[in-house]
Amino acid sequence: MCGIVGYVGHRDASDVLVSALTRLEYRGYDSAGIAVFEDGVINVAKSKGKLKDLVEKMDKEGKPKGVAGIGHTRWATHGEPSDINSHPHSGARVTLVHNGIIENYKELKEFLIKDGRRFLSDTDTEVVAQLLDHYYNYISDPIKAIIRTTQDLRGSFALGIVFENYPDTVFAVRRESPLIIGVGKDENFIASDVPAIIKYTKDYYLLEHDEVAVLSADGVKVYDTHYQPVVKTLKTADWDVDAVGKCGYPHYMIKEINEQPTAIRNTVTPRVKDGMPNLEECNITPEALRKIRNIFIVACGTAMHSGMVGKYVMENIARTHVTVDIASEFRYRDPIIGKGDLIIIVSQSGETADSLAAMRLAKQKGAQTLAIVNAMGSTIAREADMLIYTHAGPEISVASTKAYMVQLAVMYLFAFELAFAKGTIDEEKYKYYTSKLLETPDMVQRTIESTTEIAQKISTQLITADSLLYIGRGLDYALSMEGSLKLKEISYIHSESYAAGELKHGTISLITQEMPVIAVATQSALYEKTVSNIKEVKARGAKVIMICKESDDVPGDVADCVLKVLDFEEILLPMLVCVPLQLIAYYTAVQRGNDVDQPRNLAKSVTVE
Ligand code: M6R
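It should be emphasised that the depicted structure is a prediction, and the values quoted were computed from it without experimental measurement.

*Asks:* Describe the overall build of the protein, naming the residues involved and giving the relevant values.
*Replies:* Across its full length, the protein carries 17 helices and 26 strands. The C-alpha radius of gyration of the protein comes to 25 Å, within 12% of the 25 Å expected for a compact globule of 609 residues. By principal-axis analysis of the C-alpha atoms, the protein measures approximately 80 × 55 × 45 Å. Residue burial in the protein is summarised as follows: out of 609 residues, 62% are buried.

*Asks:* Any details on the site of the ligand? Residues and values, ideally.
*Replies:* Around the ligand, 14 residues are found, and the nearest of them are Ser347, Gln348, Ser349, Thr352 and Glu489. Threonine 302 is positioned with one of its backbone polar atoms (N or O) 3.1 Å from an oxygen atom of the ligand. Within the side chain of lysine 486, an N or O atom sits 2.9 Å from an oxygen atom of the ligand. Here the ligand, which alone exposes 410 Å², has 91% of that area covered by the protein. Put simply, the parts of the chain that give the shell around the ligand at least two residues each are α9 (301-318) and α15 (475-491).

*Asks:* Could you give me a rundown of the side chain of glutamate 482, with the residues and numbers involved?
*Replies:* Here glutamate 482 shows up in helix α15. Separated by 3.1 Å, the side chains of glutamate 482 and threonine 302 make a polar contact. Not counting the four nearest positions on each side in its chain, glutamate 482 is found in contact with Thr302, His305, Ser400 and Tyr404.

*Asks:* Give a detailed account of the sheet that holds strand β17 (residues 295-299), specifying residues and quantitative values.
*Replies:* Backbone hydrogen bonds are what pair the strands of a sheet, in a parallel or an antiparallel way. Taken in spatial order, the five strands make up an open sheet running β18-β17-β19-β20-β21, and their pairing is parallel. The open sheet has two free edges, formed respectively by β18 (322-326) and β21 (386-389), since each of these has just one partner strand. Strand after strand, the sheet turns through a mean of 20° between neighbouring axes, direction not considered. As judged from the five bridges shared by β17 and β18, these two strands associate in the parallel manner. Within β18, the residue paired with isoleucine 297 across the bridge is valine 324. On the sheet, helix α11 (residues 353-364) packs against β17, β19 (342-347) and β20 (368-373) and is oriented at approximately 165° with respect to β19. Helix α13 (residues 402-422) contacts β17, β19, β20 and β21 of the sheet and is inclined by roughly 160° relative to β19.

*Asks:* Just give me the short version of the sheet that holds strand β6 (residues 94-102), but keep the residues and values in it.
*Replies:* Read across the sheet, six strands follow the order β5-β6-β7-β8-β12-β13 without closing on themselves; strand pairing throughout is antiparallel. In this open sheet, the two edge strands, each paired with only one partner strand, are β5 (89-90) and β13 (219-223). Both β5 and β6 contribute to a ladder of two bridges, which runs antiparallel. Looking across to β6, one finds that histidine 89 is bridged to leucine 96. Against the sheet, helix α4 (residues 124-138) touches β5, β6 and β7 (155-163), its axis set at about 130° to β6.

*Asks:* Describe the packing of aromatic side chains, with residues and values.
*Replies:* Two descriptors summarise a pair of aromatic rings, namely the distance from one centre to the other and the angle between the planes of the rings. Taken as a whole, this structure holds 14 aromatic pairs when the rule is applied. For the pair phenylalanine 163 and phenylalanine 171, a centre-to-centre distance of 5.0 Å together with 80° between the ring planes defines the contact as edge-to-face. The same class applies to phenylalanine 163 and to phenylalanine 171, which are both buried. Measuring from centroid to centroid gives 5.3 Å for phenylalanine 189 and tyrosine 200, while their planes differ by 25°, and the two rings are stacked. Of the two residues, phenylalanine 189 sits in strand β10 (residues 188-191) while tyrosine 200 sits in the loop between β10 and β11 (203-206), which places them eleven residues apart along the sequence.

*Asks:* Describe the pairing of strand β4 (residues 68-74), and please don't skip the residues or the numbers.
*Replies:* Look at any regular strand and the pattern is simple: side chains alternate between the two faces of the sheet. Most of β4 sits inside the fold, with seven of its seven residues counted as buried. The two faces of β4 match: Ala68, Ile70, His72 and Arg74 on one face and Gly69, Gly71 and Thr73 on the other face are all buried. Sheet analysis places strand β1 (residues 3-8) next to β4, joined by six bridges and oriented antiparallel. Its bridge partner being in β4, isoleucine 4 is matched across the sheet by histidine 72. Looking at chain direction, strand β2 (residues 31-38) and β4 are connected through six bridges and run antiparallel. In the sheet register, alanine 32 faces β4, and the bridge partner there is threonine 73.

*Asks:* Requested: an account of helix α14 (residues 427-462), with residues and values cited.
*Replies:* The end-to-end C-alpha distance of α14 is 46 Å, clearly below the 52 Å that 36 residues give at a rise of 1.5 Å each. Roughly 45° is the biggest bend found in α14, and it falls at threonine 451.

*Asks:* Please give an account of unusual backbone geometry that cites residues and values.
*Replies:* Looking along the chain, the bond that leaves histidine 87 and enters proline 88 is cis, with omega of 0°. Relative to the elements of secondary structure, proline 88 occurs in the loop between β4 and β5. With phi around 55°, aspartate 186 is a residue other than glycine that occupies positive phi space. Positionally, aspartate 186 belongs in the loop between β9 (180-183) and β10.

*Asks:* So, the pattern of salt bridges: which residues are in play, and what are the values?
*Replies:* In the structure shown here, the tally under the stated rule is 35 salt bridges. We note a salt bridge from glutamate 187 to arginine 11, for which the minimum N-O separation is 2.7 Å. In this pair, glutamate 187 sits in the loop between β9 and β10 while arginine 11 sits in the loop between β1 and α1 (13-22), placing the two residues 176 residues apart along the sequence. According to the relative accessible area criterion, glutamate 187 is buried, its value standing at 3%.

*Asks:* I'd like a rundown of the packing of helix α7 (residues 260-268) against α14, residues and numbers included.
*Replies:* Orientation of α7 relative to α14, taken along the N-to-C sense of each, is 175°, at an axis distance of 8 Å. Judged by the inter-axis angle, α7 sits roughly antiparallel to α14. Here Gln260, Pro261, Ile264, Arg265 and Val268 of α7 come into contact with α14, specifically with Leu437, Leu438, Thr440, Pro441, Asp442, Val444, Gln445 and Ile448. In the contact of α7 with α14, the residues fall into eight nonpolar, three polar and two charged.

*Asks:* Kindly report on the nonpolar core, identifying the contributing residues and their values.
*Replies:* Grouped together as the largest cluster of nonpolar side chains are 92 residues, with contacts concentrated most on Ile295, Met314, Ile344 and Phe414. Considering each element in turn, this core owes the most residues, 14 residues, to α13. In contact with isoleucine 295, other than residues within four places in its own chain, are Met314, Thr320, His321, Val322, Thr323, Leu342, Ile344, Phe414 and Leu418. Counting residues in each nonpolar core, the second largest holds 34 residues, with Tyr7, Val16, Ala32 and Leu206 among its members.

*Asks:* So what about the packing of α13 against helix α17 (residues 573-591)? Which residues, and what values?
*Replies:* Relative to each other, α13 and α17 sit at 165°, their axes nearing to 10 Å. Classed by the angle they form, the pair α13 and α17 counts as roughly antiparallel. The element α13 and its partner α17 pack so that their crossing is right-handed. Contacts from Tyr404, Met405, Leu408, Ala409 and Tyr412 of α13 reach α17 at Pro574, Met575, Cys578, Val579 and Gln582. Here the contact of α13 with α17 is composed, by residue class, of nine nonpolar, one polar and no charged.

What counts and what doesn't
Residues numbered from 1 in each chain as written. Predicted model: local features only at pLDDT ≥ 70, side-chain atom pairs only at ≥ 80, totals over all residues. Heavy atoms only, no water. Helix = DSSP H or I, 4+ residues; strand = E, 2+ residues; numbered from the N terminus. Rg over C-alpha atoms; globule rule 2.2 N^0.38 Å. Buried < 20%, exposed > 50% of the residue type's maximum accessible area, 1.4 Å probe, protein only. Near = heavy atom within 4 Å. Polar contact = N/O pair within 3.5 Å; in protein donor to acceptor, adjacent residues only side chain to side chain. Areas by Shrake-Rupley, 256 points an atom, 1.4 Å probe, with all protein chains shown as cover. Contact = heavy atoms within 4.5 Å. Pairing = 2+ DSSP bridges. Axes fitted to C-alpha atoms, helices over the stretch in contact; angles between N-to-C directions. Phe/Tyr/Trp six-rings, centres within 6.5 Å; stacked < 30°, edge-to-face > 60°. Expected span 1.5 Å × (residues − 1). Bend = angle between axes of the 7 residues up to and from the residue. Salt bridge = Lys/Arg side-chain N within 4 Å of Asp/Glu carboxyl O. Parallel < 35°, antiparallel > 145°, perpendicular 65-115°, else oblique. Nonpolar A, V, L, I, M, F, W, Y, C, P; charged D, E, K, R; others polar. Core = buried A, V, L, I, M, F, W, Y, C linked by side-chain atoms within 4.5 Å. Left-handed = near helix turned anticlockwise from the far one by under 90°.

See the structure below:
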């Protein structure tokens, strides 16, 4: 979704803004723009397309020159992607950039039109610019005008604002949409996310809902809605510039696949004490776990798929009923939840609109909420009752890989802890599972090394397919869902994942020679059953790629291609098997010449419903 940045300091603001926006490209966008003070006048440059189109335009038409300004990458919501609809937008003396959605923009626009104002774009953002200008006309204090304007707005916003009479000052305010204030030496920043500014500073403030920030080169002031100064706590990002660069990899996605062993280590090791998981620093105690009635795992996309694995594991070893819900369904289906239920919200970004709304609903209904989140200080992380951070570091590729991996790791930690607290596993088993989990970073590393070549070969066979099917049973089915999503989102090949035993009830009619089937069969108890299903699709002409364990003896006529993963504790195998599934998706997309890190129509952080 949209990214916003702002800068005030001593450097060339246009260069800083474009460089910071480059670090937000992962969020997905279709146009870009900046506004910079040039000799006290606000100079705007904007363009449909990518940042390189904006840079080309500025090379031709002149780049705004100055030391303060704001910038934006737009993911169209109101009005098509076009130069006119690109941000920044202006009222007469106010220019701003916006991330979010103004729900009542129509009524505000009608009011402003009646007041004699004219609009150039279709956006809700221009309405905010004109409204702010309207209030600024008779409350000549910019901070008071911002506070008054936000009182009229319904919906979500993070705004970077410049006022004509306040050169070299950047204002910012947010509600729901993320925004951080980067604090440097003689320079300060605003950004939707820390990676945008990490090249310049690691220090930042989190802005709370409706707080107004005022940035100049020599300082940052923050005010609450009563215009009272707010003292902020300085935070420091614990990763370096390499964490947000490609470091020699052709794409972020493959870099992030390779970062998975480190991500697991960083997530699991600090949570293990004396050979056992310990989640007390996350506010999770054995006493609290024993009181849980039902568990609901609620999330979107890949995060929801990690919950599917979590469900199988928790039900299997902790004998606790777990429901997995898509957040956009959960929030509108009046779920039967209340005191005694635990709602686990999983989110990489911690800002996904539906997941956040689902969590708020759960709290309203009296359930306990536990967030499993990667982005530090994000809204979901801040509002949950209990919190487990995954330590994947910044995930830039839109297609989630390392975040999924550490979500799985946390599902296991939590499941082991829950099972032990409930007495469904004894201490010996508890310690055994934990020791196996601690081995996963090395096992994942070995899996990357041992499956890359064959994944490349398999993808060569998939690039011409129009559609394919992933099948599996139990944990393999849960995992196949993620394999299928990964493939479709970056290769643009249609794919579905199906419970292997369900094929006969309809889907098998789709099987032809043209439809490859990726069959995952790693669970011993279900192996024979899945092999029978594989034979059924094979008999109907499908080309079968089978994924199983090294020790499995696969008869020659079962599959056209067999990809074997290392033998390991079976319950933990999803953490290994997701690697070749990620690699197959990656190499298929690369060979089809797609934009792997920024697939079409997708945004990294889905902050609108
Ligand atoms: O930030 P979140 O984990 O809440 O995001 C949820 C989904 O939007 C996300 O997992 C999406 O499905 C990814 N593009 C998958 O690769």
